[in-house]
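# Commentary on secondary and tertiary structure
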Amino acid sequence: MTMKKESYWYNTHIASFPPISKDMQADVTIVGGGISGITTAYLLAKENINVVLIEADQLISGTTGHTTAKITAQHGLIYDELIQHFGKEKAKQYYTAQVQALQQIKKLINEHQISCDFSEEDAYIYTNDDNYVSKLKSEANAYQELDIPGSLVTHMPLDIPMKLGLKMDKQAQFHPVKYLASLVNELSKNNNIRIFEQSPATDIQNSESDQPIVITKQGNVIQSRHVVIASHFPFYDMKGLYFARMYPERSHLIAAKTKQKYPGGMYISAEQPIRSVRATNSHDDQEIWLFGGERYRTGHAKQQKEAFHKLEAFANQHVVIDTFINQWAAQDLTTTDKVPYIGKLCKSTPNVYIATGYRKWGMTNGAIAAQLITDDILNKQNPMSDLFSPQRFHSDPDIKKLISMNATTAKHLIASKLAIPMNKIDELKANQATTILAGINKIGVYRDEASDLHAIDTTCTHMGCEVTWNGNEQTWDCPCHGSRFSVTGEVLEGPATKPLNPYDTSELEDH
Ligand code: FES
């Protein structure tokens, strides 16, 4: 069996929808067809709100379709840190919001009899590093303080080396695409919902009546009372606030058939390199194990090298593997204080909402976003809204993190502009890429299987950083804010909305 270079979850039929082809009006326009956008559309439609949902590519093709799909409140080591930075009350709110999200997902599964391999599992965070043993103990104290059911453990059902573990009881997991494909089927039966795929949003403007208008790449406009940006990295960032307040990372996953029985549970290491393990059942009822980790800042090509091989080595070391069947990667965004931004974009655009910065925990945070935004649109008070408000700012940890994140971005911008590539393309093998200097331009050159060259200007069309080659996934990635482009320059992931400029390969002969 050959290894598929796509997410294991794409073994499910998802209904398809046409691109937008005319101007429209709605109560709410939702941009983005992942868990946040689809769940928000579902909740609003139940309240008889008229919704247009547009997706740049296909529904569920972004991070939602690439996740480990753990539905858990155990988000690494977080609760001790939240108590330190926000206080006990807000830390407890964060936990409660995650639990409510899990219950909301469970309720929808029951209500619509969705068959999506949902199972209740204990979640474990474990360490093999002496420095993390005390951190795990502090986290266990935070669990006690916040009444989170769980305990320290010295053994786990999964037999992998560990010095100490921390269990959170009764969390869950599912098949995210089966779940959302069923919700999409429900949406398609509802006259209040219109869905369009291959319809990227490029801008938001204000109408004469002060209602926001979403402009699509096709040139069609959608006027509505509210706009929800659920497109992962907000494509619309009036004051550049969010580019400076989040950083993108890629993490990698492999799926395998094994020769041993999965013992139950969901696992993640506390320290780097992150190792995450869970299992699911295939359509023919075979167990599939998922191994995740190797997390790097997007665009840091050197660190990303060999990410999948390292995961395979981990799997082979601890489990008797039959075959590796899928490999893929996901993009995650982290905010300065690790809590997502969910709510109004900014004070001057009160009708525009964003939902982003979920770190690796999009299943619960996506469901939270849908509920918070729906409540706000319906003018219902939600006690969690302040905690997630994008307009919050805490001097600690925000300032420290802002400085370090933006120093990294600035360093990349300057270093990449100053670096002079000395590479030659005649040494380039199939499926390899390099950056060369053509006159004063830096050009990224990729040689495909048929030995044809594809060349692009490496200047990112978002804010001008230099993209770097990601050999794991054969893409050009931007280290500044995480935009990603295909070998021919098309946008795969925002915030960029324009493709990289192509370069005429006939001009490459002298290099
Ligand atoms: Fe912002 Fe490339 S993503 S400069």
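Before any of the text, the structure's been laid out above.
Residues numbered from 1 in each chain as written. Predicted model: local features only at pLDDT ≥ 70, side-chain atom pairs only at ≥ 80, totals over all residues. Heavy atoms only, no water.

### Focus on the overall build of the protein
Scanning the protein for helices and strands turns up 10 helices and 24 strands. Relative to the compact-globule value of 24 Å for 511 residues, the protein shows a C-alpha radius of gyration of 23 Å, a close match. Reported as C-alpha extents along the three principal axes, the dimensions of the protein are approximately 65 × 60 × 50 Å. In the protein, which comprises 511 residues, the share counted as buried stands at 57%. (Helix = DSSP H or I, 4+ residues; strand = E, 2+ residues; numbered from the N terminus. Rg over C-alpha atoms; globule rule 2.2 N^0.38 Å. Buried < 20%, exposed > 50% of the residue type's maximum accessible area, 1.4 Å probe, protein only.)

### Concerning the pattern of salt bridges
For the coordinates displayed, the defined rule picks out 22 salt bridges. The closest approach of N and O atoms between lysine 360 and aspartate 332, which form a salt bridge, is 3.1 Å. On the criterion of sequence distance, the pair formed by lysine 360 in the loop between β17 (352-356) and α8 (362-377) and aspartate 332 in strand β15 (residues 321-335) is long-range, its members being 28 residues apart. By relative accessible area, aspartate 332 is classed as buried at 6%. (Salt bridge = Lys/Arg side-chain N within 4 Å of Asp/Glu carboxyl O.)

### Examining the state of the cysteines
Under the defined criterion, the tally for this structure stands at one disulfide. Cysteine 465 shares a disulfide with cysteine 480; S-S distance 1.9 Å. As the torsion about the S-S bond is roughly -85 degrees, the cysteine 465-cysteine 480 disulfide counts as left-handed. Remark: cysteine 480 occurs in the loop between β22 (475-477) and β23 (484-485) and cysteine 465 occurs in the loop between β20 (453-457) and β21 (468-470); sequence separation between them is 15 residues. Cysteine 480 carries the same exposure label as cysteine 465, and that label is buried. (Disulfide = S-S within 2.5 Å.)

### Things to note about unusual backbone geometry
Negative phi is the rule for most residues except glycine; trans is the rule for most peptide bonds. Here glutamine 272 and proline 273 are connected by a cis peptide whose omega angle stands at -5 degrees. By the secondary structure assignment, proline 273 is in the loop between β12 (266-269) and β13 (275-281). Of the consecutive residues glycine 494 and proline 495, the connecting peptide bond is found in the cis state with omega at 20 degrees. Within the secondary structure layout, proline 495 lies in the segment after β24 (491-493). In this structure, isoleucine 60 is a non-glycine residue whose phi angle is positive, near 65 degrees.

### Quick look at the pairing of strand β10 (residues 221-229)
Most of β10 sits inside the fold, with seven of its nine residues counted as buried. Here strand β9 (residues 212-216) runs beside β10; their pairing, made up of three bridges, is antiparallel. In the sheet register, valine 214 faces β10, and the bridge partner there is isoleucine 222. Linking two consecutive strands that pair antiparallel, namely β9 and β10, is a turn of four residues; a positive phi of about 95 degrees is found at glycine 219 within it. Note: β10 against β17, three bridges, orientation parallel. Of the residues in β17, the one forming a bridge with valine 227 is valine 352. (Pairing = 2+ DSSP bridges.)

### Re the packing of aromatic side chains
Tallied over the entire structure, the rule returns 12 aromatic pairs. Here the aromatic cluster, defined as three or more aromatic residues joined through ring pairs, consists of Tyr79, Tyr94, Tyr95, Tyr143 and Phe388. Across from the ring centre of tyrosine 132, 4.4 Å away, lies the NZ or CZ of lysine 135, which sits over that ring. (Phe/Tyr/Trp six-rings, centres within 6.5 Å; stacked < 30°, edge-to-face > 60°. Lys NZ or Arg CZ within 6 Å of the ring centre and 35° of its normal.)

### Considering helix α2 (residues 79-86)
Of the positions making up α2, those classed as buried are Tyr79, Leu82, Ile83 and Phe86. Buried residues of α2, viewed axially, fall in a sector of 100 degrees; they line one side. Two residues or fewer after α2 comes glycine 87, characterised by a positive phi angle close to 95 degrees. (Arc of directions from axis to C-beta.)

### Side note on the nonpolar core
Ranked by internal contacts, the top residues of the largest apolar core, which has 89 residues, are Tyr79, Phe174, Tyr179 and Phe388. For this core, the leading source of residues is helix α3 (residues 88-111), giving nine residues. Contacts of tyrosine 179, omitting those with residues within four sequence positions, involve Ile35, Ile105, Leu108, Ile109, Ile114, Cys116 and Phe174. Counting residues in each nonpolar core, the second largest holds 25 residues, with Ala26, Phe233, Leu333 and Val352 among its members. (Core = buried A, V, L, I, M, F, W, Y, C linked by side-chain atoms within 4.5 Å. Contact = heavy atoms within 4.5 Å.)

### Observations concerning the sheet that holds β21
Read across the open sheet, the four strands follow the order β21-β22-β23-β24; overall the sheet is antiparallel. Two strands close off the open sheet at either side, each with one partner strand: β21 and β24. Inspection of the sheet shows β21 paired to β22 by three bridges, in the antiparallel sense. Residue pairing for β22: tryptophan 469 is matched across the bridge by tryptophan 476.

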